[in-house]
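Listed below, chain by chain, are the residues.
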Amino acid sequence: MNHTPAPVLAIHGGAGTLSRSNISPEQEQAYHATLQAVLRAGQAVLEQGGTAMEAVCVAVQGLEDCPLFNAGRGAVFTADATHELDAAVMDGATLAAGAVAGVTRVRNPVHAARAVMQNGQHVLMVGEGAEQLARDAGLALVEPSYFSTEARLAQLKAAQARAAGAVLDHDGAAAMTRTPESAPLHEGRKMGTVGAVALDAHGHLAAATSTGGLTNKRPGRVGDSPLIGSGTYADDRTAAVSCTGHGESFIRVAAAHDVCARMAYGGLSLEAATQAVVHDSLSAIGGSGGLIAVDRDGNVCLPFNTEGMYRGIARVGQVPESFIYR
Ligand code: ASP
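Summary of the structure given here. These numbers were taken from a predicted model, which means no experiment stands behind them.

With that settled, the discussion passes to unusual backbone geometry. A positive phi angle, close to 60°, is found at Leu95, a residue other than glycine. Position of Leu95 relative to the elements: it lies in the loop between strand S2 (85–91) and strand S3 (96–103). When its relative accessible area of 36% is taken as the criterion, Leu95 is described as partly exposed. The backbone of Ala254 sits at a positive phi, close to 45°, despite the residue not being glycine.

Within the largest apolar cluster, 49 residues are counted, with the highest numbers of intra-cluster contacts made by Leu9, Ile11, Val56, Phe69, Val89 and Tyr310. It is helix H2 (residues 52–64) that contributes the most residues to this core, eight residues altogether. When neighbours within four sequence positions are excluded, Val56 is seen to be in contact with Leu9, Ala196, Val197, Ala198, Ala206, Ala207 and Ala208.

So, on to the pattern of salt bridges. Applying the stated criterion across every chain yields a total of three salt bridges. Ionic pairing is found between Arg237 and Asp235, a salt bridge with its closest N-O pair at 2.8 Å. The class of Arg237 is exposed, set by a relative accessible area of 58%. A residue is classified by how much of its surface remains accessible, and Asp235, at 8% relative accessible area, is buried. Of the charged contacts, one joins Asp258 and Arg262 as a salt bridge, the two residues approaching to 3.0 Å between their closest N and O atoms. Placement of both Asp258 and Arg262 in helix H8 (residues 255–266) is noted, with a separation of four residues, approximately one turn of the helix. Judged by its relative accessible area of 18%, Asp258 is buried.

Next up on the list: the pairing of S2. In terms of residue burial, S2 counts as a mostly covered element, since seven of its seven residues are buried. The alternating pattern of S2 places Leu85, Ala87, Val89 and Asp91 and Asp86, Ala88 and Met90 on opposite faces, both of which are buried. Examined bridge by bridge, S2 and S3 share six bridges and lie antiparallel to one another. Within S3, the residue paired with Val89 across the bridge is Gly98. The turn linking S2 back onto S3 is made up of four residues, and Leu95 within it adopts a positive phi angle of 60°. Here six bridges tie S2 to strand S7 (residues 205–211), and the two strands are oriented antiparallel to one another. The partner of Ala87 across the bridge, within S7, is Ser210.

This next bit is on empty space enclosed by the protein. Considering all chains together, one arrives at one cavity of 30 Å³ or more under this definition. Estimated volume of the largest cavity: approximately 80 Å³. Thr193, Thr211, Gly213, Leu214 and Gly245 are the residues nearest the centre of the largest cavity, which is lined by 17 residues in total. If you tally residues by element for the lining of the largest cavity, the top one is strand S9 (residues 239–245), at three residues. Grouping the constituent residues of the lining of the largest cavity by class yields four nonpolar, ten polar and three charged.

Conventions and cut-offs
Counting starts from 1 at the beginning of each chain's written sequence and moves along it residue by residue. Only residues with pLDDT of 70 or above have their local features reported here, since the model is predicted, and side-chain atom pairs are shown and tallied only from 80 upward, although totals for entire chains, interfaces and linings are computed over all residues. Only hydrogens and water are removed before side-chain values are computed, so all heavy atoms of the structure are retained for them. The secondary structure listing takes helices from DSSP runs of H or I that are at least 4 residues long and strands from runs of E that are at least 2 residues long, numbered from the N terminus. Relative accessibility decides the category of a residue: with a 1.4 Å probe and only protein chains considered, values under 20% of the type maximum give buried, values over 50% give exposed, and everything between is partly exposed. For this analysis, a nonpolar core means a set of buried residues of the types Ala, Val, Leu, Ile, Met, Phe, Trp, Tyr and Cys, connected via side-chain atoms within 4.5 Å. A contact between two residues is defined here by any heavy atoms of the two lying within 4.5 Å. By convention in these notes, a salt bridge is any Lys or Arg side-chain nitrogen within 4 Å of a carboxyl oxygen on Asp or Glu. At least two bridges found by DSSP between two strands is the condition for calling them paired. With a 1 Å grid laid over protein atoms only, a set of points is called a cavity when a 1.4 Å probe fits there but cannot get out and a pocket when it is open yet has protein on both sides within 12 Å along at least five of seven lines; lining residues have an atom within 4 Å of a point. Grid points are joined across faces, edges and corners, and a volume is the space filled by probe spheres set on the points. As a working rule, the residues Ala, Val, Leu, Ile, Met, Phe, Trp, Tyr, Cys and Pro are called nonpolar, Asp, Glu, Lys and Arg charged, and the rest polar, with Gly in that last group.

Treat this as a map of the structure, not an account of what it does.
As structure tokens, then:
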């Protein structure tokens, strides 16, 4: 009898509070359309026998290239009106991992993270050294202005006008009475990080996360996304996890690894482990956000403690599903 679970991909585009403006079906549809397109692209990789690592990188690249999400093009601004991008990947089969932080010119930071992993010498590279490695790997570099959008600049200005300090991406627009772009989750009050997790036909897991971080963050600040064990983790024995939310909180509870640890040491199910991390550990320190996770049996959990999270799931052989609200 064949017990091999069908390959599956799950994605997120950030968690946050609901927008107070009236969202038209068309505006909501724009988010679903991107989530669906990204799910289908990753699903096709898995369908053709591609690896979980390939699938999560294809999915995250699709989300990085879409200005609706806070990663790659459309990334939020730092307090100095610059962009500093973070990304990570992890391969559950080998525990190989790669990450970049504070890059300003790599068009697709997820590919730079994968290049760090493939290079094999180090796990986490920052700033110019990371960019040099990306250049050596033949990756596309762009002018920093490539990442900028009017909507993100308006978010920064609003956050600074309110002296709001660092603001989560999907929360940043809540700092404004009117958002420059209407979105289902409040552009001022959402975390717009993107991520993907997958189980492939070979039974292997992988995770990837990419972000512009928090609106109005101090230059030099690094969040949870590129920190292996905090925002990103994958281990074939347990699960692949990608997080989104207030990065400082996810770092403090080592959120992504904690999901795997609860499964490995405590024998918890994916459902119990992810619920405990999001609703107990994170909530206990006031951390808001969510995560996506898949285990070796193909179970998928997408918990969050905010009002919504852009998310979706695509099993090979089934129609992809995308969601925004609870
Ligand atoms: N976790 C990300 C960070 O703190 C932000 C987000 O998820 O939107 O950098």
